[in-house]
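# Observations on the three-dimensional arrangement
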There are 2 protein chains.
Amino acid sequence: MNHLSTPVLSQIPDIVVSRLPIYLRTLRLLKDQGVEVTSSQELGELLGLSSAQIRKDLSHFGEFGKQGTGYNVAYLCNQLEKILKVDCVWPVILVGAGYLGHALASYTGFEHRGFRIVAVFDNDPAKIGSTIGAITVQAVEAIPSAVKQHRCQIAILAVPASAAQQVAEQLIEAGIKSILCYAPITLTVPPHIRVEYIDPVIYFQHMTFYLEKGCIEE
Amino acid sequence: MNHLSTPVLSQIPDIVVSRLPIYLRTLRLLKDQGVEVTSSQELGELLGLSSAQIRKDLSHFGEFGKQGTGYNVAYLCNQLEKILKVDCVWPVILVGAGYLGHALASYTGFEHRGFRIVAVFDNDPAKIGSTIGAITVQAVEAIPSAVKQHRCQIAILAVPASAAQQVAEQLIEAGIKSILCYAPITLTVPPHIRVEYIDPVIYFQHMTFYLEKGCIEE
DNA sequence: GACTGTTTGTGATAAAATGATCAAGAATAT
DNA sequence: ATATTCTTGATCATTTTATCACAAACAGTC
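Keep in mind it's a predicted model, so treat the numbers as computed, not measured.

### Brief notes about the protein's contact with DNA strand C
As a structural note, the neighbourhood of DNA strand C is formed by 25 residues, with Gln53 of chain A together with Ser40, Arg55, Gly68 and Tyr71 of chain B the closest of them. Protein-adjacent atoms of DNA strand C, using a 4 Å cutoff, are sugar or phosphate at a proportion of 61%. At a separation of 2.6 Å, a phosphate oxygen of DNA strand C approaches a polar side-chain atom of Ser40 of chain B. Mapped by element, the contributors of at least two residues to the surface near DNA strand C are helix H1 (14-32) and helix H3 (51-59) of chain A together with helix H3 (51-59), strand E2 (65-66) and strand E3 (70-72) of chain B.

If you want it as structure tokens, here you go:
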């Protein structure tokens, strides 16, 4: 029995990884403002986190700071981009050309943060062939070839909840590895597929727990 | 020194509260499918969580199940809706009438889960006066009166990052208590204001950490 | 009614995350 | 030069969170 047969993919706690994009986003903002050096304390104040947490998170990946001075903003940005593998542009496909799909396909903020929507799909004949910006909406049957052509690993799922599970299975079958799901359901997927969810109602319901009840009716 | 001077708002861990909306969403789905009874194990399998975690989470709020049988789906839905205070409809205002704002204002899935967008605002004169469904876009100056009129505590922020902080301050000034922020920045707000963030790029960058690097270009 | 199958709710335990502390390095002031 | 002030990265302590394991409760069956 070879205890190294499965390479240890990452001992980094997922919760640490989940904070890195937040750090990067704020560092890019500082960089754009012309800030050259920052500290864990300044970052912590901007993000509502403790300085110790930020230092500890970063220490999983190396030593990026200098005692007495802090962190060079541009350098730390670069390092985080490498760690997160966003020092390049990832192709993303989008399924669902409704209002939400349009909003996502038209959003110009993806590219400079490492992502580009390269194809859009829908199953509505009325939408197939129409264009969103420079992209032509294709039939969902064209997903597998597009995934292969662009070597795409990431998909956005912006279809109604009733169709989401089925489309997710098509995506996985086509070779997609990670799905960002806007449908308000929990997908059932194989363990090697990563799914992240965006459902605004989940956030609303989290908020209302802490609010004084104040409703319109019923 | 009166140890009860500040009423203990909630000893419930926030991480427990954050899972309740997920439970509710899945229970509603089961209910719609005609399922009358479920178990912590079934729920756990649907959600990718352990049955013990679900039982323990629920136990913070009462005893909702029956040994040997499990949980009555309709009853547990009802209880969770009460706990989360979504056994009614909350008014929500939306700032930002771009593509995203349109998608949100047109989305029909809010109402039956406890939320209704009652007003939309933008600062673009070209958009003010236009309508989205039954709602007329108003100038941001009208926010305070709308918040008062609807007794609104929740706002969606769907404006560009460059405007988000300033608009957030206007919302708080107007009496908004919780903000769902779609702008890719971290807002600076007083401690009694709750902000939740939705930035798809954060999820993408979380995904790419675990993917094999595969990019279009530098 | 006794027996078998489940499934809950919970105290005990283990694991994980966070926070506090501090030596050492670096910049600045004296 | 020397002292002072910062700030990092590591270690240790504390708190929080998740898991385990099981008695008690219930439904169904013989």
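That was the structure; now back to the text.
### Overview of the interface of chain B and chain A
Across the boundary between the two partners, chain B contributes 69 residues, which contact 68 residues of chain A. Here chain B and chain A share an interface that buries about 7000 Å² over both sides, 66% of which is from carbon and sulfur atoms. A per-residue breakdown of the area chain B buries against chain A is headed by Phe204, Gln205 and Phe209 of chain B, which together make up 10% of the total. Counting across the chain B and chain A interface gives six salt bridges. With a shortest N-O distance of 2.8 Å, Arg113 of chain A and Asp199 of chain B are connected by a salt bridge. On the surface where chain B and chain A come into contact, there are 28 residue pairs in polar contact (both at pLDDT 80 or more). Counting residues per element, the side of chain B that touches chain A draws most heavily on helix H8 (residues 200-210) of chain B, at 11 residues.

### A few points about the packing of helix H2 (residues 40-47) of chain A against H3 of chain A
Residues and elements named next belong to chain A. Relative orientation of the contacting elements H2 and H3 amounts to 115°, with a least axis distance of 8 Å. It follows from the interaxial angle that H2 and H3 lie roughly perpendicular. Pair H2 / H3 crosses with right-handed handedness. Where H2 abuts H3, its residues Ser40, Gln41, Leu43 and Gly44 lie against Ser51, Ile54 and Arg55. Tallied by class, residues from the contact of H2 with H3 come to two nonpolar, four polar and one charged.

### Here we look at the sheet that holds strand E7 (residues 135-139) of chain A
Spatial ordering of the open sheet is given by E6-E7-E5-E4-E8-E9-E10 (chain A), a layout of seven strands whose pairing is mixed. Unpaired on one side and paired on the other, strand E6 (131-132) and strand E10 (194-197) of chain A mark the two borders of the sheet. Where strand E4 (residues 90-95) of chain A and strand E5 (residues 115-122) of chain A come together, six bridges link them in parallel fashion. Across the sheet, residue Pro91 of chain A finds its bridge partner in E5 of chain A, namely Arg116 of chain A. Along the sheet face, helix H6 (residues 143-150) of chain A touches E4, E5 and E7 of chain A and points at about 170° away from the line of E4 of chain A. The strands that H8 of chain B touches are E4, E5, strand E8 (154-157), strand E9 (178-181) and E10 of chain A; relative to E10 of chain A, the one it contacts most, it runs at about 165°.

### Quick look at the relation of the copies chain B and chain A
Note on the identical chains: chain B maps onto chain A by a rotation of 180° and an axial translation of 0.0 Å, with an RMSD of 0.0 Å. Both chain copies can therefore be described as sitting about a two-fold axis.

### Things to note about the pairing of E4 of chain A
Residues and elements named next belong to chain A. Counting buried positions along E4 gives six out of six residues, so the element sits mostly inside the fold. By the alternation rule, side chains of E4 split into Trp90, Val92 and Leu94 and Pro91, Ile93 and Val95, which are all buried. Between the parallel elements E4 and E5, the chain passes through helix H5 (residues 99-106) in a crossover that is right-handed. Bridge count for E4 against E8 is four bridges, and the pairing is parallel. Pairing of Ile93 across the sheet is with Ala155, part of E8.

### What to know about the protein's contact with DNA strand D
Close to DNA strand D lie 26 residues, the nearest being Ser40, Arg55, Gly65 and Tyr71 of chain A together with Arg19 of chain B. When atoms of DNA strand D within 4 Å of the protein are split into backbone and base, the sugar-phosphate part holds 67%. The separation between a phosphate oxygen of DNA strand D and a polar side-chain atom of Ser40 of chain A is 2.7 Å. Between a phosphate oxygen of DNA strand D and a main-chain N or O atom of Phe64 of chain A, the distance comes to 3.1 Å. At the level of elements, H2, H3, strand E2 (65-66) and strand E3 (70-72) of chain A together with helix H1 (14-32) and H3 of chain B are the ones that each hand at least two residues to the surface near DNA strand D.

### Re the confidence of the model for chain A
Mean pLDDT over chain A stands at 94; residues scoring 70 or higher make up 95%. Scored below 50 in pLDDT, residues 1-8 of chain A makes zero contacts in the model with residues more than four places away or belonging to other chains.

### Re the sheet that holds strand E1 (residues 37-38) of chain B
Residues and elements named next belong to chain B. Strand order in the open sheet formed by three strands is E1-E3-E2, with antiparallel pairing between adjacent strands. The two strands at the open ends of the sheet, each matched to only one other strand, are E1 and E2. Looking at chain direction, E2 and E3 are connected through two bridges and run antiparallel. By the bridge assignment, Lys66 is partnered in E3 with Gly70.

Basis of the calculations
- Residues numbered from 1 in each chain as written.
- Chains lettered and ligands numbered in written order.
- Predicted model: local features only at pLDDT ≥ 70, side-chain atom pairs only at ≥ 80, totals over all residues.
- Heavy atoms only, no water.
- Near = heavy atom within 4 Å.
- Polar contact = N/O pair within 3.5 Å; in protein donor to acceptor, adjacent residues only side chain to side chain.
- Helix = DSSP H or I, 4+ residues; strand = E, 2+ residues; numbered from the N terminus.
- Contact = heavy atoms within 4.5 Å.
- Buried area = accessible area lost by both parts, 1.4 Å probe.
- Salt bridge = Lys/Arg side-chain N within 4 Å of Asp/Glu carboxyl O.
- Axes fitted to C-alpha atoms, helices over the stretch in contact; angles between N-to-C directions.
- Parallel < 35°, antiparallel > 145°, perpendicular 65-115°, else oblique.
- Left-handed = near helix turned anticlockwise from the far one by under 90°.
- Nonpolar A, V, L, I, M, F, W, Y, C, P; charged D, E, K, R; others polar.
- Pairing = 2+ DSSP bridges.
- Least-squares fit on C-alpha atoms with pLDDT ≥ 70 in both.
- Buried < 20%, exposed > 50% of the residue type's maximum accessible area, 1.4 Å probe, protein only.
- Right-handed = clockwise from strand over helix to strand, strands pointing away.
- pLDDT = per-residue confidence, 0-100.

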